[in-house]
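Below, each chain spelled out in residue letters.
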Amino acid sequence: MKTLVLANQKGGVGKSAVATQFALYQRRQGLTVLVIDLDHQQNTSRPLRLNETVEVVEFTASDVFEAQRPPPLPDGALVLVGGDDRLSSLERRPSEHNAFANRFLASLKAWSRFDVCIIDTNPNPDIRYAAALIAGTHVLAPIQLNQEAIEGVTALLGHNRYGIGLIQSTLNPELRFLGILPNLVEPTPFQRGNFQALAKNYGSLLLSQRSERGNTFGLIQKRTAIAEAQAAGLFVADLPKTSARDAWREIRPVFDMVLEGMDLAVAGRVSA
Ligand SMILES: Nc1ncnc2c1ncn2[C@@H]1O[C@H](COP(=O)(O)OP(=O)(O)OP(=O)(O)O)[C@@H](O)[C@H]1O
Ligand SMILES: [Mg+2]
């Protein structure tokens, strides 16, 4: 099982939208998908609970940290372990943090029948976030193209306790950073300038795909269809609107870059 962690300590950059839409896409590609929402805001759980193709388990994400044994999962091909309000209080129980991380890891091992697990995280580096990085195989970091967010990426990588580099060198050498994914991109000169600065200074950290024509960077534009799909609990390609189909045509190559980065075969085309 490949486990993708959506991570960025900056809020509102699209972690939950990417987690939700990417999960729906992967299922459409024929993969079996488990989604775990570690954010008490539940912005991934909410749309997926509305989606009729998703099987929602009876327990919630806090139980994964607290239960003595991995809770059993149903047989479904797209399964959600939803978020809950208790998640934010786990940080205040430091004496149990080791146990939390170990139980989370044990559950993921017990649930490894899925092709892929997607973990959405909260925007604070705490024990939930650490447990996700310890158990994950890949990390993707959506950002918005402003100075603050760009600086936030260095914090994400170099955090003194939960930096991705530190987790790789100590607890999880298999963790791979797939890259930074600029999201909510607007066609303004300011954003274009910021993207150029980002590519110049952090080019090797951006989500990209190498081809004969050189390196292509992945980015997702600001498209109301994405917010609408999230609100309706739908896969964006399923929204019955031309604007959604146009948005999907832009997003799909980016999601395929992520699939390729995770060595997951792209099975067939999703009609748009
Ligand atoms: N490319 C996009 N175009 C338009 N709207 C988007 C796009 N990506 C995300 N959104 C919308 O922007 C808002 C913030 O996105 P989202 O909740 O995914 O961010 P987040 O990083 O998960 O935030 P938090 O850190 O608070 O969990 C949501 O309303 C979402 O639907
Ligand atoms: Mg979120």
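Further up the page is the structure itself.
The text that follows walks through the structure, step by step, so that each part is easy to find. These figures come from a predicted structure and were not determined experimentally.

Quick notes on the rules
- Per chain, residue numbering runs from 1 following the sequence as it is written.
- Numbering of ligands from 1 and lettering of chains from A proceed in the order in which they are written.
- The predicted nature of this model means local features are confined to residues of pLDDT at least 70 and side-chain atom pairs, given and counted, to a pLDDT of 80 or more, with totals for whole chains, interfaces and linings taken over all residues.
- The side-chain figures draw on all heavy atoms in the structure; neither hydrogens nor water molecules are used.
- In this text, helices come from DSSP runs of H or I with a minimum length of four residues, and strands from runs of E with a minimum of two, each type numbered from the N-terminal end.
- Only protein chains enter the area calculation, which uses a 1.4 Å probe; residues under 20% of their type maximum are buried, those over 50% are exposed, and those in between are partly exposed.
- Each polar contact in these results corresponds to two N or O atoms within 3.5 Å; when the atoms are within protein, one needs to be able to donate a hydrogen and the other to accept it, and residues that are neighboring in sequence are counted only if both atoms are side-chain atoms.
- Every residue pair with non-hydrogen atoms within 4.5 Å of one another is taken to be in contact.
- Whether a residue is near a molecule or strand is decided by its heavy atoms; if any one of them lies within 4 Å of it, the residue is near.
- Residue-level accessible areas treat just the shown protein chains as cover; the underlying method is Shrake-Rupley with a 1.4 Å probe.
- Think of it as three bins: nonpolar holds Ala, Val, Leu, Ile, Met, Phe, Trp, Tyr, Cys and Pro, charged holds Asp, Glu, Lys and Arg, and polar takes everything else, Gly as well.
- Throughout, nonpolar core names a set of buried Ala, Val, Leu, Ile, Met, Phe, Trp, Tyr and Cys residues whose side chains join them through atoms within 4.5 Å.
- When the centres of two rings from Phe, Tyr and Trp lie within 6.5 Å, Trp using its six-membered ring, the rings pair. Their planes under 30 degrees apart give stacked, over 60 give edge-to-face, and anything left gives tilted.
- For a ring to carry a charge above it, either NZ of a lysine or CZ of an arginine must fall within 6 Å of the ring centroid while also lying within 35 degrees of the normal to the ring plane.
- Here an axis means a line fitted to C-alpha atoms, over the contact stretch when the element is a helix, while the angle between two N-to-C directions is reported on a 0 to 180 degree scale.
- Should an angle fall under 35 degrees it is taken as roughly parallel, and over 145 as roughly antiparallel, whereas 65 to 115 is taken as roughly perpendicular and any remaining angle as oblique.
- By convention in these notes, a salt bridge is any Lys or Arg side-chain nitrogen within 4 Å of a carboxyl oxygen on Asp or Glu.
- Strands pair, by our definition, only if DSSP identifies at least two bridges between them.

Moving on, we get to the side chain of threonine 20. Along the polypeptide, threonine 20 turns up in helix H1 (residues 15-28). Since its relative accessible area comes to 1%, threonine 20 is described here as buried. Within polar-contact distance, the side chain of threonine 20 engages the backbone oxygen of serine 16 at 2.7 Å. Setting aside anything within four residues of it in sequence, one finds threonine 20 in contact with Asn43, Thr44, Pro47, Leu48 and Gln230.

We now examine the site of ligand 1. For ligand 1, the set of nearby residues contains 21 residues, the closest of which are Gly12, Lys15, Ser16, Ala17 and Asn183. For ligand 1, an oxygen atom lies 2.8 Å from a polar atom in the backbone of glycine 12. Measuring from an oxygen atom of ligand 1, one finds a side-chain N or O atom of aspartate 39 at 3.3 Å. Out of a free accessible area of 640 Å², ligand 1 has 82% covered by protein chains. For the shell around ligand 1, the secondary-structure elements that each account for two or more residues are H1 and helix H9 (224-232). Of the residues that constitute the shell around ligand 1, the class distribution is seven nonpolar, nine polar and five charged.

Now for the nonpolar core. If you look at the biggest cluster of nonpolar residues, it comprises 49 residues, and the most contacted ones within it are Leu34, Ile36, Leu73, Val81, Phe104, Trp111 and Ile119. Per-element tally for this core: the top contributor is helix H5 (residues 127-135), with eight residues. In this structure, Val18, Ala23, Leu31 and Leu178 belong to the second largest nonpolar core, which totals 41 residues.

This paragraph deals with the packing of aromatic side chains. Throughout the structure, instances matching the rule amount to ten aromatic pairs. Ring geometry for tryptophan 248 versus phenylalanine 255: centroids 5.9 Å apart, planes at 70°, classification edge-to-face. Given the relative accessible area of 3%, phenylalanine 255 is considered buried. Through successive ring pairs, a cluster of aromatic residues spans Phe22, Tyr25, Phe235, Trp248 and Phe255. Directly above the ring of phenylalanine 114 sits arginine 113, whose terminal nitrogen or CZ lies 4.0 Å from the centroid.

On to the environment of aspartate 84, then. Within the secondary structure, aspartate 84 sits in the loop between strand S4 (78-82) and helix H4 (97-110). Of the residues examined, aspartate 84 reaches a relative accessible area of 8% and is grouped as buried. Separated by 58 residues in sequence, aspartate 84 and glutamine 26 have C-alpha atoms that sit 24 Å apart. Beyond its immediate stretch of four places on either side in the chain, aspartate 84 contacts His40, Gln42, Thr60, Ala61 and Ser62. At a separation of 2.8 Å, a polar atom in the side chain of aspartate 84 contacts the side chain of threonine 60. A polar contact is formed between the side chain of aspartate 84 and the backbone nitrogen of leucine 87, at a distance of 3.2 Å.

All right, on to the packing of H1 against helix H10 (residues 242-261) then. Direction vectors running N to C along H1 and H10 enclose 80°, while the axes themselves pass 11 Å from each other. Classified by the angle between their axes, H1 and H10 sit roughly perpendicular to one another. Along its contact with H1, which presents Val18, Gln21, Phe22, Tyr25 and Gln26, the element H10 presents Trp248, Arg252, Phe255, Asp256, Val258 and Leu259. Per-class residue counts for the contact of H1 with H10 are seven nonpolar, two polar and two charged.

Time to look at the pattern of salt bridges. Pairing between side chains becomes possible if they bear opposite charge and their charged atoms approach one another. Applying the stated rule across the entire model yields ten salt bridges. Its salt-bridge partner being aspartate 126, residue arginine 128 comes within 2.9 Å of it at the nearest N-O pair. Note on accessibility: arginine 128 and aspartate 126 belong to one class, buried. The closest approach of N and O atoms between glutamate 228 and lysine 241, which form a salt bridge, is 2.9 Å. Taken as a pair, glutamate 228 in helix H9 and lysine 241 in the loop between H9 and H10 lie far apart in primary sequence, 13 residues in all. According to the relative accessible area criterion, lysine 241 is partly exposed, its value standing at 34%. When salt bridges with common partners are traced through the structure, they connect Asp63, Glu66, Arg86, Arg93 and Glu96 into a single cluster.

In regular strands, side chains alternate between the two faces of the sheet. Burial runs high along S4: five of the five residues are buried. By the alternation rule, side chains of S4 split into Leu78, Leu80 and Gly82 and Val79 and Val81, which are all buried. Two elements, strand S2 (residues 33-37) and S4, share four bridges in a ladder whose sense is parallel. Pairing of leucine 34 across the sheet is with valine 79, part of S4. Here strand S3 (residues 55-60) pairs with S4 via three bridges, running parallel. Residue pairing in the sheet places glutamate 55 in a bridge with valine 79 of S4.

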